[in-house]
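Structural description and commentary
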Amino acid sequence: MRTVIHLVFLVLALGAATVRASFAEDDSLTLRIDDAVARPGGVAAVVLRTYASRPIDLGQVCLRSPSLSRAGNAASLALRGAVVFSAANDARFDVQFDDTDPDQPGVVLTFESPSATINAEDGPLAVIFFDVDPSVPAGAEIPLALDLENTTLVDAEGLTVEIDPVDGEVEVVEADEPVVLEAQGDRSDAGMPLVVGAAFTEHRTIARGQIGVLLPPALDALPRSVDLDPRFGRATWTVDETMPGRILVAFESDDPFFGTLPGQVLRITIDTTGQPSGEHDISLDPTATALFDAEGQPLDLILETDEAIIFGGGFFAGDFESGDFSDWSNVVGN
């Protein structure tokens, strides 16, 4: 787990920012707690994300649930740590347990970025990690709610951002249930980049593996770039495109952080210039896809498919729900 950096700035800074003018209703920002998957005795990685890019200077997010506790205390979810992302890699943050309401304990994540580049691009804003108590039964769904009274985002101009909250939950699955690896589709206007690939779905350190993404002929013929997002941790990787319709990415990592974030680790950015509108299936090759954990053991995988849609006629379809990590990517050939 990455080190949590302690802050003392936020109480005064947020108090001053609150009296500044707010964005109009049309400029509200959806802040979502992504649903998470975890196992009894494992770790739940809860992603906080927005549906649109808007640079954030500083902020505070409060999550509440009757199932939360301090680290080391018995409860369904015990606070473990957090990470906050910024385009300039300068985010400073602190995460603390809040027991001011015994019936609805909470977790308070505070953060700032000197460059005001938190949430500067579409995609996840932060991740909060919880230890899942071994006694939690498979099938449990642990609710997590945003406490808006204790949640504030301040933009680069010092204005308070109006927040549209979306709550989430942690779903606890059987300890020996296969790990889901998802193909990732996208929605884009013709002529705009279409980003497809593969996504991890739960907290799991990955030491090595390979992922084969299958593209239909219409997409396979278009110019593209391939990358792994370094925010998932350090990894070395190679790309094999010798088989038509398949992009095979092999990787190795000695970083215990690699794979512990749910989200799109493998990105294939496709140039759709001149491409007609249409729907295309994106899938993973079961004969060429494998993941190995920190002990070198192969993971039992379930591979899920997705759909990529290209819209015509200038229809705008920014895929804010899926989000992306493009500005943190290392692109093959660069």
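Reference entry: report on the structure contained in this document. Here the structure is a predicted model, which is why all the values come from computation and not from measurement.

With that out of the way, let us pick up the overall build of the protein chain. A count of helices and strands for the protein chain gives two helices and 26 strands. Counting only residues that meet the buried cut, the protein chain has 53% of its 334 residues in that class. Counting contacts in the protein chain only where the partners sit at least 6 residues apart, residues at least 24 apart contribute 79% of the total. Put simply, the protein chain shows about 14600 Å² of open surface, and 50% of that area lies on carbon and sulfur atoms.

Take the pattern of salt bridges next. By the definition in use, this model includes 15 salt bridges. Residue Asp-99 is joined to Arg-70 by a salt bridge in which the shortest nitrogen-to-oxygen separation is 3.0 Å. With Asp-99 in the loop between strand 7 (92–98) and strand 8 (106–112) and Arg-70 in the loop between strand 5 (68–69) and strand 6 (77–84), this residue pair connects regions lying 29 residues apart in the sequence. We classify Arg-70 as partly exposed; its relative accessible area is 38%. Two residues, Arg-246 and Asp-285, come together in a salt bridge whose shortest N-O distance is 3.1 Å. One end of the pair, Arg-246, is in strand 20 (residues 246–252); the other, Asp-285, is in the loop between strand 22 (278–284) and strand 23 (290–293), with 39 residues separating them in the sequence. Look at Arg-246 and you get buried, because its relative accessible area is 12%. Residue class for Asp-285 comes out buried when judged on its relative accessible area of 8%. Three or more residues are tied together by salt bridges with common partners; here these are Arg-32, Asp-34 and Arg-49.

What counts, and where the lines are drawn
- Residues numbered from 1 in each chain as written.
- Predicted model: local features only at pLDDT ≥ 70, side-chain atom pairs only at ≥ 80, totals over all residues.
- Heavy atoms only, no water.
- Helix = DSSP H or I, 4+ residues; strand = E, 2+ residues; numbered from the N terminus.
- Buried < 20%, exposed > 50% of the residue type's maximum accessible area, 1.4 Å probe, protein only.
- Contact = heavy atoms within 4.5 Å.
- Areas by Shrake-Rupley, 256 points an atom, 1.4 Å probe, with all protein chains shown as cover.
- Salt bridge = Lys/Arg side-chain N within 4 Å of Asp/Glu carboxyl O.

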